[in-house]
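# Geometric and topological summary
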Amino acid sequence: QVQLVESGGGLVQAGDSPRLSCAASGRTFSRYGLGWFRQAPGKAREFVAAISASWAGGVTYYADSVKGRFTISRANAKNTVYLQMNSLKPEDTAAYYCAAHESGRTNYTGAYDYWGQGTQVTVSS
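None of the values given here were measured: they were computed from a predicted structure.

What follows concerns the overall build of the protein. A count of helical and extended segments in the protein gives zero helices and eleven strands. For the protein, whose C-alpha radius of gyration is 14 Å, the value lies close to the compact-globule estimate of 14 Å for 125 residues. Along the three orthogonal principal directions, the C-alpha set of the protein runs to about 40 × 25 × 25 Å. For the protein, the proportion of its 125 residues judged to be buried stands at 45%. A separation of at least 24 residues holds for 58% of the contacts in the protein among residues at least 6 apart in sequence.

Written as structure tokens, this is what we have:
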């Protein structure tokens, strides 16, 4: 079992570049695959970014909508995964969630096992 807590959200302006953090509990953080998802008002949850476990090479993957603007990274010594968001647009407004899967493998398309509570990012124009 792992617990995830997101932070770093808030009200920002278009063009800002905040960084979201997700702190995890447990002693096997480096063995999990990690992902970020978001859900805008009235819309379904969508995938944003993922990174595989360290044993699997820490390979990253991004949704087309954020490719080139967002960067996912992990700091295993701090049990933390980050989402650096550059050049935010109003359409990026959403609740952002981090998640973990025990598989840890690259190109994982299954269900995630653990989820954080989410952090709201609101982008004003």
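Moving on to the nonpolar core. W36, L83 and Y96 are the most contacted members of the largest nonpolar core, which totals 30 residues. Of all elements in the fold, only β3 (19–24), β4 (33–39), β5 (46–51), β7 (70–75), β8 (80–85), β9 (94–101) and β11 (119–124) reach the threshold of two or more residues within this core. Here the element with the most residues in this core is β9; it accounts for four residues. Not counting the four nearest positions on each side in its chain, L83 is found in contact with P18, R19, L20, W36, V48, A49, F70, T71, I72 and Y96.

The next subject is unusual backbone geometry. Positive phi outside glycine occurs at S87, with the angle close to 50 degrees. Under the relative-accessibility criterion, S87 is labelled partly exposed at 43%.

The rules behind each value
- Residues numbered from 1 in each chain as written.
- Predicted model: local features only at pLDDT ≥ 70, side-chain atom pairs only at ≥ 80, totals over all residues.
- Heavy atoms only, no water.
- Helix = DSSP H or I, 4+ residues; strand = E, 2+ residues; numbered from the N terminus.
- Rg over C-alpha atoms; globule rule 2.2 N^0.38 Å.
- Buried < 20%, exposed > 50% of the residue type's maximum accessible area, 1.4 Å probe, protein only.
- Contact = heavy atoms within 4.5 Å.
- Core = buried A, V, L, I, M, F, W, Y, C linked by side-chain atoms within 4.5 Å.

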